[in-house]
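Observations on chain architecture
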Amino acid sequence: YYKLTKFYQNHREYVESYDLKQLKGEAVSADDLDSDCKPLKTNSEGKPYYPCGLIANSFFNDTFQSPYKSDDESSVYDMTDKKISWSADRSKYKKTKYDPSGIVPPPNWAKRYPDGYTSENLPDLSQWEALQVWMRTAGLPSFMKLALRNDSQTLEKGDYVINIGLNFPVSMFGGTKSMVLTSSSVVGGRNLSLGIAYLVVAALSVFLGIIFLIKYIIQPRKLGDHSYLTFDQQDKNEQRTTTGSRSNLEPQDSRDEPRNVREIL
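So, a few notes on the structure that sits alongside this text. (Residues numbered from 1 in each chain as written. Predicted model: local features only at pLDDT ≥ 70, side-chain atom pairs only at ≥ 80, totals over all residues. Heavy atoms only, no water.)

**Comments concerning a negative patch on the surface**
The test is simple: Without a salt bridge and with relative accessible area above 30%, a residue can belong to a patch; like charges are then joined within 9 Å and nonpolar side chains (Val, Leu, Ile, Met, Phe, Trp, Tyr) within 5 Å. Here the open area of atoms and residues is found with the Shrake-Rupley method and a 1.4 Å probe, where only the protein chains shown may cover a residue. Counted as salt bridges are all cases of a side-chain nitrogen of Lys or Arg within 4 Å of a carboxyl oxygen of Asp or Glu. Charge assignment: positive for Lys and Arg, negative for Asp and Glu; neither His nor the chain ends contribute. In this description, the location of a charge corresponds to atom NZ of lysine, CZ of arginine, CG of aspartate or CD of glutamate. By definition, any uninterrupted DSSP run of H or I lasting at least four residues is a helix, any uninterrupted run of E lasting at least two residues is a strand, and each is numbered from the N terminus.
Where like charges cluster on the molecular surface, the negative patch consists of D71, D72, E73 and D159. Tracing the backbone through its elements, the reader meets D159 in the loop between β5 (143-145) and β6 (160-161).

**Thoughts on the environment of I103**
For clarity, the threshold we go by: For the exposure calls, accessible area comes from a 1.4 Å probe over protein chains only, and a residue counts as buried if that area is under 20% of its type's maximum, exposed if over 50%, partly exposed in between. We call two residues contacting when some pair of their heavy atoms lies within 4.5 Å.
Structurally, I103 can be placed in the loop between α4 (87-90) and α5 (129-135). A residue is classified by how much of its surface remains accessible, and I103, at 3% relative accessible area, is buried. Considered as a pair, I103 and P48 are 55 residues apart in the sequence and their alpha carbons are 5.2 Å apart. Ignoring anything within four residues of it in the chain, the contact list for I103 reads P48, Y50, Y98, Y117 and L122.

**Here's the deal with the packing of aromatic side chains**
How we decide: Pairing of aromatic rings covers Phe, Tyr and the six-membered ring of Trp, with a centre-to-centre limit of 6.5 Å; geometry is then stacked below 30 degrees between planes, edge-to-face above 60, and tilted otherwise. In our convention, an over-ring charge means Lys NZ or Arg CZ found within 6 Å of a ring centre and within 35 degrees of that ring's normal.
Scanning the entire structure with this criterion turns up 17 aromatic pairs. Between W134 and F143 the ring centres are 6.3 Å apart and the planes differ by 55 degrees, which places this aromatic pair in the tilted class. As far as the burial class goes, W134 and F143 line up, both buried. An aromatic cluster is defined as three or more aromatic residues linked by ring pairs; in this entry it consists of Y2, F7, Y14, F60, W134, F143, F168 and F173. Looking at R136, its charged tip hangs above the ring of W86, at a distance of 3.9 Å from the centre.

**Focus: the sheet that holds strand β4 (residues 72-76)**
Test applied: Strands pair, by our definition, only if DSSP identifies at least two bridges between them.
Reading across the sheet, the three strands line up as β4-β3-β6 and stay open at both edges, with antiparallel pairing between neighbours. Looking at which strands have only one partner, the edges of the open sheet turn out to be β4 and β6. Bridge analysis of strand β3 (residues 68-69) against β6 gives two bridges, and the strand direction is antiparallel. Bridge assignment links Y68 to a residue of β6, and that residue is V161.

Rendered as structure tokens:
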């Protein structure tokens, strides 16, 4: 993995700064490009940037080679940049239908494409998984993104050397960059932040549990006390009202009923 700090990929304007149709391979004209790509939609000549937007322009371009043992350069731990992106992301990117002469690379890609695009160097985004990983923006300013992987070999004990090409600047935004070599499982890679968060929440839960227990011992609540039930008093009032209404309807003298019956007959 490579790790960046203080890089805010979660900024609202940054997150939305791309054109989905362009990523899907469509040759979108300069006028039809998503407005969120501004200010990196077109160059001074009106040619569309491919891919447009802030995310692609800030692509992390440090390079990592496979590690090898310091005492034996032929003992290489082969790592690959294939299958480092999500399968859902790989299906979203397609080979472009643009003509290389009608588009230009983003400004920060000038070192990679000094003479612009040609039919030989036009990138196929469907195969460029490192860019796909970068385009999936992180939710926090400190994050790790997968760069290389090895699923078949075991990393033997020893001292290793990794050649890194330093291209991505971090001093301008006060951040840092580092490389993380680790293993992952079906539940993901090593994550100290998540473990610390779990421990803090667990400690807080235990602390609050002790406080509630002490309060219950010192000042217990009487369970089953009807004085806490307001609806019990309401039921009694309603019962009195109903009883009073029925008594008004009953005859005052039992002899009234047969007399009324005789008069009706």
